[in-house]
Amino acid sequence: QVHLVESGGGLVQAGGSLRLSCAASGRTDNVFVMGWFRQAPGKEREFVAAMLWGGVSTRYADSVKGRFTISRDSAENTAYLQMNSLKPEDTAMYYCAAERNLGPVWSGVANSDSWGQGTQVTVSS
């Protein structure tokens, strides 16, 4: 099992930036895909971005393309989500997820055995 811990959330004005971190521990050798999802109050958890842990392939939701960047530091077993040009509609709890193959996380479906506890992002207008 992979243990994930997110950090870096906070309150920011529209147009601002934040960088989220997701530190992985435990069976990190099993990680093939890392992804970010978000969930706003009263809404379902939605896909934000994903990447292949051992390569350079990435995927993004249309709503964040050109504004968000997913990256990793393999040596530190940490994934990042750089969020620029933030909008009030980006306000949500952000979660990272991991999977051992090209599964739901890579496909943008919020179904994983490994989730972090989440970090809150609030964007004021």
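What you see as residue numbers is a count from 1 along each chain, following the sequence as written. It should be noted that, the model being predicted, local features are given only for residues of pLDDT at least 70 and side-chain atom pairs only at 80 or more, the latter also being counted only at that level, while totals for whole chains, interfaces and linings use all residues. To get the side-chain values, all heavy atoms of the structure are used, and hydrogens and water are removed first.

1. Things to note about the sheet that holds strand β7 (residues 68–73)
For step 1, the next point in the chain: A strand pair is defined by DSSP finding two or more bridges across the two strands. Counting from the N terminus, the helices are DSSP H or I runs at least four residues long and the strands are E runs at least two residues long. Taken in spatial order, the four strands of this open sheet run β1-β3-β8-β7, and their pairing is antiparallel. Both outer strands of the open sheet, β1 (2–7) and β7, are each paired with one neighbouring strand and no more. Adjacent strand axes in the sheet meet at a mean angle of 20° when their direction is disregarded.
For step 2, the next point in the chain: With six bridges connecting them, β7 and strand β8 (residues 78–83) associate as antiparallel partners. The residue of β8 that forms the bridge with D73 is T78. Axes here refer to lines fitted to C-alpha atoms; in helices the fit is confined to the stretch in contact. Angles between the N-to-C directions go from 0 to 180 degrees.

2. With respect to the pattern of salt bridges
Close approach of charged atoms allows side chains with opposite charge to pair.
For step 1, the next point in the chain: Put simply, a salt bridge is a Lys or Arg side-chain nitrogen that is within 4 Å of an Asp or Glu carboxyl oxygen. This structure, assessed with the given rule, holds five salt bridges.
For step 2, the next point in the chain: The salt bridge involving D29 is made with R27; its shortest N-O contact spans 3.2 Å.
For step 3, the next point in the chain: On the basis of relative accessibility, which here comes to 57%, the residue D29 falls in the exposed class.
For step 4, the next point in the chain: For the salt bridge of E46 with R38, the shortest nitrogen-to-oxygen distance reads 2.6 Å.
For step 5, the next point in the chain: Residue classification places E46 among the partly exposed residues on the basis of a relative accessible area of 37%.
For step 6, the next point in the chain: When salt bridges with common partners are traced through the structure, they connect R38, E46, R67 and D90 into a single cluster. Burial here depends on accessible area, computed with a 1.4 Å probe over protein chains only, as a share of the maximum for the residue type. Under 20% is buried, over 50% is exposed, and the range in between is partly exposed.

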